[in-house]
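In case you want the letters, here they are:
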Amino acid sequence: MRNADVWRVATFNIWNRQGEWLRRLPLIRAGLAALDADVIGLQEVLAMGGAPSQAHEIADGLGWNVYQAPAWEIGGGLTFGNAILSPHRLLDTARLALPTPPELETRAAVFARVDAPHGPMPVFVTHLTVQPHLCHVRRAQVVALADHVARLAPIGAPPPVVMGDFNAVPDSDEMRFLRGLTSLEGRSVYFADAWAVAGTGGGATYDRRNPYALRSREPSNRIDYIFVRGPDAHLRGEPVSARLALDEPSDGIWPSDHFAVVAEVLAAPRGMGDSA
């Protein structure tokens, strides 16, 4: 039975419309619905003009609220961005720009306060620059992201959840900064990495056993994350579980080239003597 005192959160890169989208879509819809999550962050979401975005296609008929915003204006009305899905109301939604050199596709985060039990839960969903050699770009992006979190989810409020496809491995400067293991630009922060705290095994989310990922010939790595700033003074924000999802094919079709990450985070205030 699900613990009513936790938030269940998930992140998933849907791989835009590549591969066999019309065969992948029902797998994504069923897989995400089965998670029974309070909030889901999506990346690589395409939208065209006034037509429903891919996030709206996924949520159609499932009773979820959707906030989708572009990160990159591809052209001709087509955009590429991030989305937040939730069965709860989404409040104070915003698109948050991240620094990107002019020669690269622009990157951003989306934000919402999810009106969940023990909330409202501040949620940030992002997708950082992809090229492996552009660590310096991702470093600037995580510093800007941390600034957005500090402004919109100050310490003392419910702990923020920060998730997405960071295109960086756990021991990179970008991820070490978010985990409080190194400083950037003279600043330091701390977020708990849900997988490092509560997951088991390597947790590769871009895995060569998935033929969609194998096509890039990159090594298997953990590049999708759920972070939470906690535990706080009320012991909210402690990750208590983390696992992969949407990580198996159906009739030879994989839901995406990435796997989803799902975490449960303690959300109810506790005293020092209370058990989880």
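Check the entry above for the structure.
Our subject in this report is the structure included herewith. Everything numeric in this text was worked out from a predicted model, so none of it was measured.

Let us now look at the overall build of the protein chain. The helix and strand inventory of the protein chain stands at 6 helices and 12 strands. Expected size for 276 residues packed as a compact globule is a radius of gyration near 19 Å; at 17 Å, the protein chain falls within 12% of this value. The dimensions of the protein chain, computed from C-alpha atoms along their principal axes, are 50 × 45 × 40 Å. Counting all 276 residues of the protein chain, 54% fall into the buried class. Counting contacts in the protein chain only where the partners sit at least 6 residues apart, residues at least 24 apart contribute 69% of the total. Accessible surface for the protein chain amounts to roughly 11,300 Å². Of this, 53% is attributable to carbon and sulfur atoms. Positive and negative side-chain charges in the protein chain, numbering 25 and 30 respectively, have mean positions lying 1 Å apart.

This part takes up the layout of surface pockets. Over the atoms a probe the size of a water molecule is rolled, and this reveals where empty space is left. The computed volume of the largest pocket comes to approximately 550 Å³. Lining the largest pocket are 29 residues; nearest its centre among them are Val130, Asn167, Tyr206, Glu218 and Ile223. Residue classes in the lining of the largest pocket are distributed as 11 nonpolar, 9 polar and 9 charged.

Below, the discussion takes up the pairing of strand β8 (residues 161–165). Of all 5 residues in β8, 5 are buried, a share of seventy percent or more. Direction of pairing for strand β7 (residues 121–127) relative to β8: parallel, over a ladder of 5 bridges. Its bridge partner lying in β8, Thr126 is registered against Gly164. The β-α-β motif built from β7, the intervening helix α3 (residues 135–152) and the parallel element β8 has right-handed crossover chirality. In this sheet, strand β10 (residues 224–228) lies alongside β8 in antiparallel orientation, the contact comprising 5 bridges. Opposite Val162, over in β10, you have Phe227 as the bridge partner.

Bringing the pattern of salt bridges into the picture now. Taken as a whole and assessed by the stated rule, the structure comprises 15 salt bridges. With its nearest N and O atoms 2.6 Å apart, the salt bridge here joins Arg107 to Glu105. Its relative accessible area of 25% is what places Glu105 among the partly exposed residues. Residue Asp147 is joined to Arg187 by a salt bridge in which the shortest nitrogen-to-oxygen separation is 2.6 Å. On the criterion of sequence distance, the pair formed by Asp147 in helix α3 and Arg187 in the loop between α4 (173–178) and β9 (192–193) is long-range, its members being 40 residues apart. Given the relative accessible area of 32%, Arg187 is considered partly exposed. Put simply, Asp147, Glu185 and Arg187 are held in one network by salt bridges that share partners.

So, about the side chain of Thr79. Note on placement: Thr79 falls in strand β4 (residues 78–86). The buried category is assigned to Thr79, whose relative accessible area is 9%. Excluding anything up to four places from it in sequence, Thr79 contacts Val45, Leu46, Ala47, Gln68, Pro70, Trp72, Glu73 and Ile74.

Along the chain, Asp193 falls in strand β9. The exposure class of Asp193 is buried, given its relative accessible area of 3%. Ignoring anything within four residues of it in the chain, the contact list for Asp193 reads Arg179, Arg222, Tyr225, Ile226 and Phe227.

Analysis parameters
Residues numbered from 1 in each chain as written. Predicted model: local features only at pLDDT ≥ 70, side-chain atom pairs only at ≥ 80, totals over all residues. Heavy atoms only, no water. Helix = DSSP H or I, 4+ residues; strand = E, 2+ residues; numbered from the N terminus. Rg over C-alpha atoms; globule rule 2.2 N^0.38 Å. Buried < 20%, exposed > 50% of the residue type's maximum accessible area, 1.4 Å probe, protein only. Contact = heavy atoms within 4.5 Å. Areas by Shrake-Rupley, 256 points an atom, 1.4 Å probe, with all protein chains shown as cover. Lys, Arg positive; Asp, Glu negative; His and termini not counted. Charge placed at Lys NZ, Arg CZ, Asp CG, Glu CD. 1 Å grid on protein atoms, 1.4 Å probe; cavity = no way out; pocket = protein on both sides within 12 Å on 5 of 7 lines; lining within 4 Å. Points joined across faces, edges and corners; volume = space filled by probe spheres on them. Nonpolar A, V, L, I, M, F, W, Y, C, P; charged D, E, K, R; others polar. Pairing = 2+ DSSP bridges. Right-handed = clockwise from strand over helix to strand, strands pointing away. Salt bridge = Lys/Arg side-chain N within 4 Å of Asp/Glu carboxyl O.

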